[in-house]
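# Observations on the three-dimensional arrangement
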Amino acid sequence: MHNMNEANKISVVINTYNAEQHLQQVLDAVKDFDEVLICDMESTDGTVEIAKRNGCKIVTFPKANHKSAEPARTFAIQSAANPWVLVVDADEIVTPALREELYRHIAQEDCAKGLYIPRINQFMGKPLKCAYPDYQLRFFIREGTEWPPYVHTFPKVNGRLDHLPKQRRDLAFVHLANDSVHSIMEKDNRYSDNDVDKKAYKKWGAGALLWRPFWRFFKCYVLEGGWKDGTRGFIYASLKGVYQFQLVAKMIERRSAKE
């Protein structure tokens, strides 16, 4: 625990729903922060018991029909006791180097009010080169921060933002989730439902069924270096394209139903 003035204290915020698989490992990695807050969406497994056993502060957000954690993010952040917040997913490890860097950062007089943190992702059993640095805006000043209630969004932070250097892989979140083709397609089906709401103002038509999947595949496989991951990279980039096809198809379907 870091004993310092109140202005330099950090709360770790973890949104959970049936997250018992990796939670103990995640909590072990953040136990030296000033506060660990679990915002649970009415889990039916052992998530809350694990949180209680580890002395976490626990708040509850109704699950209702939410398909992702984003609708609960702002509530979770505002439930934290400290001026600075680090949002960690229930399957991400915070390294000791990252913890020390965050405290070092906020000790500076004119520090950035939000930091993008790199993340190491796994697919088919190994880390993906093309999915790094996968920057996540997860560390910020609590006051004035709001998180839009849609999937794949970043919080709106009141102040200057900065990125931790991607060369420092020891500062990256380690994503424990070992994504498979099945898990990606299952998540994408849920997430795209939510994404349709977020992008409802877009007027994409049949042409977008071709160019959006192709562009996303090209970006991931060629520009972001998916080719370096061999066949795994080709499959991963293709799934990125499939997500875009799914999203546009659902948007067209929704428009058709209204006409």
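Structure report, in brief. Keep in mind it's a predicted model, so treat the numbers as computed, not measured. (Residues numbered from 1 in each chain as written. Predicted model: local features only at pLDDT ≥ 70, side-chain atom pairs only at ≥ 80, totals over all residues. Heavy atoms only, no water.)

### As for the pairing of strand β6 (residues 114-117)
- Side chains of β6 alternate between two faces, with G114 and Y116 and L115 and I117 buried alike.
- Relative to strand β9 (residues 136-141), β6 runs antiparallel, the two sharing four bridges. Residue pairing for β9: G114 is matched across the bridge by F140.
- By the bridge criterion, three bridges tie β6 to strand β10 (residues 161-163) in an arrangement that is parallel. Bridged to L115 within β10 is D162. (Buried < 20%, exposed > 50% of the residue type's maximum accessible area, 1.4 Å probe, protein only. Helix = DSSP H or I, 4+ residues; strand = E, 2+ residues; numbered from the N terminus. Pairing = 2+ DSSP bridges.)

### Structural notes on the pattern of salt bridges
- Counted by the stated rule, this structure contains 19 salt bridges.
- Here the salt bridges share partners, and the residues they tie into one network are R73, D89, E92, R119, D134 and R138. (Salt bridge = Lys/Arg side-chain N within 4 Å of Asp/Glu carboxyl O.)

### Some words on helix α6 (residues 206-223)
- The end-to-end C-alpha separation of α6 is 25 Å, in line with the 26 Å expected for 18 residues at 1.5 Å each.
- Within the sequence span of α6, burial applies to A208, R212, P213, R216 and C220. Along α6, the residues classed as buried sweep out an arc of 110 degrees about the axis, all on the same side. Projecting away from the buried face of α6 at angles above 90 degrees are the exposed residues A206, L210, F214 and L223.
- On its buried face, α6 sits against α7 (230-258).
- Immediately beyond the C-terminal end of α6, within one or two residues, lies G225, with a positive phi of roughly 85 degrees. (Expected span 1.5 Å × (residues − 1). Arc of directions from axis to C-beta. Contact = heavy atoms within 4.5 Å.)

### Comments concerning unusual backbone geometry
- Put simply, Y132 and P133 share a cis peptide bond, and its omega is 15 degrees.
- The backbone phi angle of A64 is positive, close to 45 degrees, even though this residue is not glycine.
- With respect to the helices and strands, the residue A64 is situated in the loop between β3 (57-60) and α3 (70-78).
- Non-glycine residue M124 carries a positive phi angle of around 55 degrees.
- Following the sequence through the fold, M124 ends up in the loop between β7 (119-123) and β8 (126-127).

### Focus on the packing of aromatic side chains
- Tallying each qualifying case throughout the model produces eleven aromatic pairs.
- Residues F61 and F75 carry aromatic rings whose centres are separated by 5.8 Å and whose planes lie at 45 degrees to one another, so their mutual orientation is tilted. With a gap of 14 residues between them, F61 in the loop between β3 and α3 and F75 in helix α3 connect regions that are remote in the sequence.
- These aromatic residues form a ring-pair network of at least three members: F214, W215 and F218.
- K63 extends its terminal NZ or CZ atom over the ring of Y17, reaching a point 5.0 Å from the ring centre.
- The side chain of R169 reaches across the aromatic face of Y132, ending 4.2 Å from its centre. (Phe/Tyr/Trp six-rings, centres within 6.5 Å; stacked < 30°, edge-to-face > 60°. Lys NZ or Arg CZ within 6 Å of the ring centre and 35° of its normal.)

### Looking at the nonpolar core
- If you look at the biggest cluster of nonpolar residues, it comprises 51 residues, and the most contacted ones within it are I10, I14, L27, F33, L86 and F139.
- No other element matches the five residues that helix α1 (residues 20-30) contributes to this core.
- Excluding residues that lie within four positions of it along the chain, L86 makes contacts with I10, S11, V12, V13, F33, V94, L102, I117, R138, F139 and F173.
- Among the nonpolar cores identified, the runner-up in size contains nine residues, and F123, L128, C220 and L239 belong to it. (Core = buried A, V, L, I, M, F, W, Y, C linked by side-chain atoms within 4.5 Å.)

### What about the packing of α6 against α7?
- One can describe the packing of α6 onto α7 by two numbers: an axis separation of 8 Å at closest approach and a directional angle of 155 degrees. Looking at the two axes, α6 sits roughly antiparallel to α7. Viewed along their axes, α6 and α7 form a crossing whose handedness is right-handed. In contact with A206, A208, L209, R212, P213, R216, F217, C220 and Y221 of α6, α7 contributes G233, F234, Y236, A237, S238, K240, G241, Q244, F245, V248, A249 and I252.
- Classifying every residue of the contact of α6 with α7 by side-chain character gives 14 nonpolar, four polar and three charged. (Axes fitted to C-alpha atoms, helices over the stretch in contact; angles between N-to-C directions. Parallel < 35°, antiparallel > 145°, perpendicular 65-115°, else oblique. Left-handed = near helix turned anticlockwise from the far one by under 90°. Nonpolar A, V, L, I, M, F, W, Y, C, P; charged D, E, K, R; others polar.)

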